[in-house]
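# Summary of structural features
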Amino acid sequence: MSNTSAGIATLIVAGVTNASFTLPMKYTRKWAWENTWLVWTVFALVVLPFAIALMTIPNLSGVYRSAAPDTILEVCGFGAGWGVAQVFFGLAVDMIGITLAFSIVLGTSAAVGSLIPMISLHRGHLNTTAGYAVIGANALVLVGVMLCAAAGRLREAPSRQPTSSQKRTSQGLLLSILCGLLASFMNFGVVFGTPLAQVARSFGANGLNAINAIWLPLLLSGAIPNVLYCAWLMKRNGSGYRYREGRSHWILAAMMAVFWFGSTLLYGLAASQLGAWGPILGWPLFMSLIVITATMLGMSMGEWKGCGPLPIRIHWTGVAVLVLAIFILADSSRYLQ
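To keep things clear, this report deals only with the structure shown in the data block. (Residues numbered from 1 in each chain as written. Predicted model: local features only at pLDDT ≥ 70, side-chain atom pairs only at ≥ 80, totals over all residues. Heavy atoms only, no water.)

## A short note on the overall build of the protein chain
- Of regular secondary structure, the protein chain possesses 13 helices and zero strands.
- Approximately 15000 Å² of the protein chain is accessible, and the part contributed by carbon and sulfur atoms is 67%. (Helix = DSSP H or I, 4+ residues; strand = E, 2+ residues; numbered from the N terminus. Areas by Shrake-Rupley, 256 points an atom, 1.4 Å probe, with all protein chains shown as cover.)

This is how it looks when you write it as structure tokens:
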């Protein structure tokens, strides 16, 4: 199997895993959202990245002492921006619903997270067959997620009461767009944190594991806004006492962390397998695969039951457009040598 084929296969597994990571949350009923999210944050963004970096990067402290401080600060800044995106996502979901918010966030993140690195690092390829393919595929990603968003709006219309004001809806849409822009910062951290991975390799890290030197500062910085937001919610809602209930919930939250962090590691592996263009091709593929998998999971769990055939048809049309974008991106890799 070629590196490109292996990378695409790895991305498929990563997308399925990422789309599934919140499933255990359905069973943490004795905890409030902020209880589960805080435990997930600690495990997924602090404990696991630190453990994996220690196991896979020789002389980890030496790597960071040898790396340029500007690079580390840049990665941390992207991580903090991504962490803020997680907070915005929670607010946007409350305002406009998870289906609409999810589609807008992933679509914006897929396009921006791919195009900005291409413009910054491979500007000369914009006016080539490869450049046209990547730009066209990203346009299809946006069309696909917008169709999914429209279907989600139609699906929720029969059951949603018109309790939200137009202003609240507009704020939710704005937060979703901002969230999508900031969510792409994770990919920026991977792209512009490459010097960290190079230093890790110089200390003896395996070529595929070197990216773990980027994940650690990126995710640790992303944990800060999440911890602060969850702590604020627990203080406001008085939900801290719930940790004394539902002991199995700790295991479920830890499972969420394993699924999510595992998908993140797999994305990093796939980006490495796809070569220098990995983050540019891999990020929109990753986002699209999450939308496709989430759609299948949602339908299998009855979330679209009783909504009528029209929303389902529109949604599957959007999924088909995303699949087409995936094939175009996969095919464009042969021009990016």
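That shown, we press on.
## Examining a nonpolar patch on the surface
- Taken together, the side chains of V42, V46, V47 and L220 present a nonpolar region at the surface, about 250 Å² in accessible area.
- Residue contributions to the nonpolar patch peak at three residues, all from helix 2 (residues 33–56). (Patch = residues over 30% accessible without salt bridge, like charges linked within 9 Å, V, L, I, M, F, W, Y side chains within 5 Å. Salt bridge = Lys/Arg side-chain N within 4 Å of Asp/Glu carboxyl O.)

## Notes on the environment of W37
- When you line up the elements, W37 lands in helix 2.
- Not counting residues up to four positions away in its chain, the partners in contact with W37 are F21, M25, Q86, N226 and C230.
- Side-chain polar atoms of W37 contact the side chain of N226, separated by 3.0 Å. (Contact = heavy atoms within 4.5 Å. Polar contact = N/O pair within 3.5 Å; in protein donor to acceptor, adjacent residues only side chain to side chain.)

## Observations regarding the packing of helix 2 against helix 11 (residues 248–273)
- Axis separation between helix 2 and helix 11 bottoms out at 8 Å; the angle between their running directions is 50°. Relative to helix 11, helix 2 is oriented oblique. Between helix 2 and helix 11 lies a crossing of right-handed hand. Packed against helix 2, whose contacting residues are T36, V39, W40, F43, A44, L45, L48, P49 and I52, the element helix 11 presents W250, A253, A254, M256, A257, V258, W260, F261 and L265 at the interface. (Axes fitted to C-alpha atoms, helices over the stretch in contact; angles between N-to-C directions. Parallel < 35°, antiparallel > 145°, perpendicular 65-115°, else oblique. Left-handed = near helix turned anticlockwise from the far one by under 90°.)

## With respect to helix 10 (residues 212–237)
- The terminal C-alpha atoms of helix 10, which comprises 26 residues, lie 36 Å apart, in line with the 38 Å expected from a rise of 1.5 Å per residue.
- Count one or two residues on from helix 10 and you reach G238, which has phi positive near 60°. (Expected span 1.5 Å × (residues − 1).)

## Points about the nonpolar core
- In this structure, W40 and W260 are the most contacted members of the largest nonpolar core, which totals 62 residues.
- Sort the elements by how many residues they give to this core and helix 10 lands first, with nine residues.
- Grouped together as the second largest cluster of nonpolar side chains are five residues, A85, V105, C179 and A183 included. (Core = buried A, V, L, I, M, F, W, Y, C linked by side-chain atoms within 4.5 Å. Buried < 20%, exposed > 50% of the residue type's maximum accessible area, 1.4 Å probe, protein only.)

## So, unusual backbone geometry
- At N59, a position not held by glycine, the phi torsion is positive, near 50°.
- With respect to the helices and strands, N59 occurs in the loop between helix 2 and helix 3 (60–66).

## Re the environment of V323
- If you trace the backbone, V323 turns up in helix 13 (residues 309–332).
- Given the relative accessible area of 30%, V323 is considered partly exposed.
- Residues V323 and I292, spaced 31 residues apart in sequence, show a C-alpha to C-alpha distance of 8.3 Å.

## Concerning the packing of aromatic side chains
- Under the criterion given, the structure shown has 16 aromatic pairs.
- Both rings, one in Y229 and one in W232, keep their centres 6.1 Å apart while their planes meet at 20°; by these two values the pair is stacked. Taken together, the positions of Y229 and W232, both in helix 10 and three residues apart, correspond to about one turn of that helix.
- Note on W232: relative accessible area 46%, which makes it partly exposed.
- Three or more aromatic residues link up through ring pairs in this structure, and these residues are F21, W33, W37, W40, W82, Y229, W232 and W260. (Phe/Tyr/Trp six-rings, centres within 6.5 Å; stacked < 30°, edge-to-face > 60°.)

## Quick notes on the packing of helix 2 against helix 10
- Closest axis-to-axis distance for the helix 2/helix 10 pair is 8 Å, and the angle between their directions is 160°. Taken together, the axes of helix 2 and helix 10 are roughly antiparallel relative to one another. When you trace helix 2 past helix 10, the crossing you get is left-handed.
- Its residues assigned to classes, the contact of helix 2 with helix 10 comprises 19 nonpolar, seven polar and one charged. (Nonpolar A, V, L, I, M, F, W, Y, C, P; charged D, E, K, R; others polar.)

## Quick look at the side chain of T28
- Along the polypeptide, T28 turns up in the loop between helix 1 (3–20) and helix 2.
- One polar contact links T28 to T36, side chain to side chain, over a distance of 3.2 Å.
- For T28, the residues in contact, after removing those within four places along its chain, are T36, H249 and L252.

## Structural notes on the side chain of N212
- Its location among the elements puts N212 in helix 10.
- Ignoring any residue separated from it by four or fewer positions in sequence, one finds N212 in contact with I52, A53, T56, I57, Y64 and L265.

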